[in-house]
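Okay, here's what each chain looks like letter by letter:
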Amino acid sequence: MALQLNESLQNVVDGLSESFTDELIDVYQSSGDTFVRIIADANVEICRYLKEEHHFIYLVDVFGTDRFTSQDRFEVIYNLVSLRDQQRLFVKVWLPEENPEIESVTDVWASANWYERQTYDMFGIQFTNHPDFRRIYMPEDFEYFPMRKEFPLLGIPGSIPLPSSTPDTK
Amino acid sequence: MGLESALGDGYMTSKVDSLVNWARSNAAWPMPMGLACCAIEMMAFAGPKYDASRFGSEVMRFSPRQSDVMIVAGWVNYKMAHAIRRIWDQMPDPKWCIAMGACASTGGMHRCYGVVQGCDNFLPVDAYVSGCPPRPDALLHALMKIQDKIRTEHSVKLDT
C-alpha cells in the first residue's frame, strides 16, 4: 500500500532514506501512525539525526515487545513527537532472542533513562552505555522478566519474598 | 451521669470476661490501611452519614500502637506487604484484621505477578468483605462481626 505521508513526515522519510540507505529496513503505516524500522546498530545515530535535523525533541516513550517469533524475537520501539511540526513517529528495532542488547539513547534524550530501565525490567533487553542501569519496578534480585510471553501470569511462586506470617517474638 | 439513678443503690455482678469484652468490642479503634479506592469507602464509613462512632470505632488511629482493628482497604503488592506486616506487628494485642474488598481478600482483578493474591497470605484475617469496592454498610457489617467475635473471646488469659 502506498504511504500517505504529509509534508513534514515525507521530509523525514526522504531524509532517512537518503542519509541511512543501508540502515533503513522498512517504512509502513498502521492505524494512522508511521513506523520506521531500522537496524539495531544504527539506533543512536538515527535518533540523533531525527532529533537534530527533524526536531523530534520529545521522546514520549521507549518500550519493548515480545513478538514470540523464532527469529528477532524482541522489539524496542521509540515513540517520538515533534512539537514544532506536530508529528509522531515510531522507530522500531528488532533484537535476537539470545542476549538482546542495544545502545542506550540517553545521550540523545535524557528522558530515555527510566524508559530503558523499564524495558530492561520487563523484557530483559540490555542497554549499553546507560548511566544508571538497573531494574526499576521489580526487586533487584528478581531473576525473571515478567512481560516475556513464557512468564506465567501469576508469577513464579516464591520468587518474591512475602513477610513471615508468624510474629517475630521469642 | 444518669446510669446511677437508673440502677439505684446496690451492685451488679458479671464476669470479668464479659466486662472486658464489652469494653473492647465497643472501642475497636481502626488502623486505616488505605491502599486503593476502597479507602474512599472507608472514609465514608467513618464519616457522618454511616458514622462508625455508633460502634465506638470513629477513632481512626494512624499510629499502629493505639489501634485494635486493621482495615486492609485495597490491593496489596509484594513491596507493600512487608510494610503492612511491620505495622501489624507493631499493633498491640489483642488485635483484629478486616480484609476489605475483593482485592484485599483474594487479589481481585489484579490477577498478576506483582500483587499478593489475598492479604491472608501474610496476615491473620478475621473478617472478609466482598465487593469492589464494598459499600460502607458492608464494612459496618464486618465491624459488627468483629464485635461479635470479640464478645465470644476469652479475654482473661487462663493458666494452662
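Residue and element names in this part refer to chain B. Buried residues dominate strand β3 (residues 96–100), accounting for five of its five residues. Side chains W96, I98 and M100 project from β3 onto one buried face, and the interleaved C97 and A99 project onto a second face that is buried too. Sheet analysis places strand β2 (residues 69–73) next to β3, joined by five bridges and oriented parallel. Bridging from a neighbouring strand, M70 pairs with C97 of β3. Regarding the hand of the β-α-β motif, the stretch spanning β2, helix α4 (residues 78–90) and β3 is right-handed. In this structure, β3 lies alongside strand β4 (residues 127–129), joined through three bridges in parallel fashion. For M100, the partnering residue across the bridge sits in β4 and is V129. Read from β3 through helix α5 (residues 101–106) to β4, the crossover connection turns out right-handed.

Now for the sheet that holds strand β5 (residues 87–95) of chain A. All names here are of chain A. Spatially, the five strands line up as an open sheet ordered β1-β2-β5-β4-β3, and their pairing is mixed. Two strands close off the open sheet at either side, each with one partner strand: β1 (24–30) and β3 (58–66). Strand-to-strand twist in this sheet, taken as the mean axis angle between neighbours without regard to direction, amounts to 20 degrees. Sheet topology note: the β3/strand β4 (residues 74–82) ladder contains eight bridges and is antiparallel. The residue bridging T65 from the neighbouring strand is E75, located in β4. Against the sheet, helix α3 (residues 112–123) makes contact with β3 and β4, and its axis sits at roughly 10 degrees relative to β3, the strand it touches most.

Criteria and cut-off values
- Residues numbered from 1 in each chain as written.
- Chains lettered and ligands numbered in written order.
- Predicted model: local features only at pLDDT ≥ 70, side-chain atom pairs only at ≥ 80, totals over all residues.
- Heavy atoms only, no water.
- Buried < 20%, exposed > 50% of the residue type's maximum accessible area, 1.4 Å probe, protein only.
- Helix = DSSP H or I, 4+ residues; strand = E, 2+ residues; numbered from the N terminus.
- Pairing = 2+ DSSP bridges.
- Right-handed = clockwise from strand over helix to strand, strands pointing away.
- Axes fitted to C-alpha atoms, helices over the stretch in contact; angles between N-to-C directions.
- Contact = heavy atoms within 4.5 Å.

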